[in-house]
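A look at the structure
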Amino acid sequence: MSHLPFLSHDARFIDRGISRAGTLLKKWDHDICEGIGLVGVPLSKPSISHSGASFAPETIRKMMNAFTTYSIHDNTDLKEERIIDFGDISMHVTDLSESHRRIETTVEGVLSEHPLMVPLFLGGDHSVTAPIFTAFQKEKGKAGIIQFDAHHDLRNLEDGGPSNGTPFRQLIEKGVLEGKHLHQIGIRDFSNGKEYTDFGKEQGVHIFTMQDVYENGILQILGGSVQELLKEVDTIYVSLDMDVMDQAYAPGCPAIGPGGMDSRMLIEAIRFLGEVPSVKALDIVEIDPTLDFRDMTSRLAAYSVLTFLTGYKNRV
């Protein structure tokens, strides 16, 4: 027996009754994934403003280790669960259209080979949602979107092209998504142009401002959106732009601003959606780790992954 019992070559292997959530991530080994899967989409060159969001997937993975696997609220430990990590989609160095093509092709292939998987996509900027959703709908049938965002992301394509300001405009104009099947939650004052609010209304987009959220409550709005969507679509895709958060809670967003959601409200929303069987995918976008104070925004994203997984486990 060692005469130095308190020395360890690696403190990570000392058992203190705590499992770090990072251990839930298991590299894909070509087996069929039937639960939660993780795909990194590290693209931020199409951003309207300078963005290091391409660094977010790896940072969010690292931040999983900031949390344990135990939920005191549910009195359940997730340590036996697995999140299959498919790694990151490789982007072209200079060709943005080629990068978007790779995203669509890869997502289509992953969903085709793993039809029972519920994928979580880690962006990247919001431009990645257009190719991801295009592939998602090809594989999953008619789908609607619940979008958390301060912005409409309905800018015209003539000025912006396939940027992070145009993903939903692209989907609508290409006929991939009907405007009435897009529910936008958390749209904020002084963050959009009237032209794009008008365009959304003309297309039948359901627009819920932050004032609507404050007055009616996030769960009431989400319950109504899910009910409304499932009258006409088969599945629901959730797109979480982290700038829906107030700048105090998400300093690592390229487009921060006051008047947004707090962490508790977002966690409540993600937990609710995790429990909805028709929610078949979630993306988390617009986090720039190079701007993030103490990884606050990436930590919230990692917490959201765990919250979604907890809700998913409770599906009936």
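Look up a bit, the structure's there.
Bear in mind the structure is a predicted one, so any value in this text is a computation, not a measurement.

Some thoughts on the packing of helix α9 (residues 263-274) against helix α10 (residues 296-313)
Interhelical geometry of α9 versus α10 gives an angle of 35° and a closest axis separation of 7 Å. Our pair here, α9 against α10, has a crossing hand that is right-handed. For the pair α9 and α10, contact is made by S263, L266, I267, I270, R271, L273 and G274 and by L300, Y303, S304, T307, F308, T310, G311 and Y312, respectively. For the contact of α9 with α10, a count of residues per class yields 8 nonpolar, 6 polar and 1 charged.

Describing the pairing of strand β11 (residues 279-285)
Consecutive side chains of a regular strand alternate in pointing toward one face of the sheet and then the other. The element β11 is extensively covered by neighbouring structure, given that 6 of its 7 residues are classed as buried. By the bridge criterion, 3 bridges tie strand β6 (residues 118-123) to β11 in an arrangement that is parallel. For L122, the partnering residue across the bridge sits in β11 and is I284. When strand β10 (residues 235-241) meets β11, the two strands line up parallel, connected through 6 bridges. Paired with V238 across the strands is L282, a residue of β11.

Details of helix α1 (residues 56-63)
Burial runs high along α1: 6 of the 8 residues are buried. All buried positions along α1 are accounted for by A56, P57, T59, I60, R61 and M63. On its buried side, α1 packs onto β1 (25-27), β2 (36-41), β5 (83-88), β6 and α10.

Regarding unusual backbone geometry
Where the residue is not glycine, phi is negative for most of them; where a peptide bond is considered, it is trans in most cases. A cis amide bond links G123 to the next residue, G124, at an omega of 25°. As for its position among the elements, G124 is in the loop between β6 and α3 (129-140).

Brief notes about the sheet that holds β1
Pairing within the open sheet is parallel, and its 9 strands lie in the order β1-β5-β2-β6-β11-β10-β7-β8-β9. Both outer strands of the open sheet, β1 and β9 (206-209), are each paired with one neighbouring strand and no more. Within the sheet, the average angular offset between the axes of one strand and its neighbour, ignoring direction, is 20°.

A short note on α3
Over its 12 residues, α3 extends 15 Å from the first C-alpha to the last, a length consistent with the 16 Å expected when each residue adds 1.5 Å. Burial of α3 is extensive: 10 of the 12 residues sit out of reach of the surface. Every buried residue of α3 is listed here: T129, A130, P131, I132, F133, T134, A135, F136, Q137 and K140. G141, located one to two residues past α3, shows a positive phi value of around 85°.

Description of the packing of helix α2 (residues 96-113) against α3
Between α2 and α3, the least distance of the axes is 8 Å, while the angle of their chain directions is 30°. Looking at the two axes, α2 sits roughly parallel to α3. The handedness of the crossing between α2 and α3 is right-handed. The segment α2 lies against α3, with H100, I103, E104, V107, E108, L111 and S112 engaging P131, I132, T134, A135, F136, K138, E139 and K140. Residues belonging to the contact of α2 with α3 are distributed by class as follows: 7 nonpolar, 3 polar and 5 charged.

Digging into the side chain of R188
By the element assignment, R188 lies in the loop between β8 (182-187) and α6 (194-202). For the buried R188, which has no salt bridge, the nearest side chain bearing the opposite charge is D243, at an N-O separation of 5.6 Å. Beyond its immediate stretch of four places on either side in the chain, R188 contacts A150, M210, D243, V244, M245, G257, P258, G259 and G260.

Quick notes on the rules
- Residues numbered from 1 in each chain as written.
- Predicted model: local features only at pLDDT ≥ 70, side-chain atom pairs only at ≥ 80, totals over all residues.
- Heavy atoms only, no water.
- Axes fitted to C-alpha atoms, helices over the stretch in contact; angles between N-to-C directions.
- Helix = DSSP H or I, 4+ residues; strand = E, 2+ residues; numbered from the N terminus.
- Left-handed = near helix turned anticlockwise from the far one by under 90°.
- Contact = heavy atoms within 4.5 Å.
- Nonpolar A, V, L, I, M, F, W, Y, C, P; charged D, E, K, R; others polar.
- Buried < 20%, exposed > 50% of the residue type's maximum accessible area, 1.4 Å probe, protein only.
- Pairing = 2+ DSSP bridges.
- Expected span 1.5 Å × (residues − 1).
- Parallel < 35°, antiparallel > 145°, perpendicular 65-115°, else oblique.
- Lys, Arg positive; Asp, Glu negative; His and termini not counted.
- Salt bridge = Lys/Arg side-chain N within 4 Å of Asp/Glu carboxyl O.

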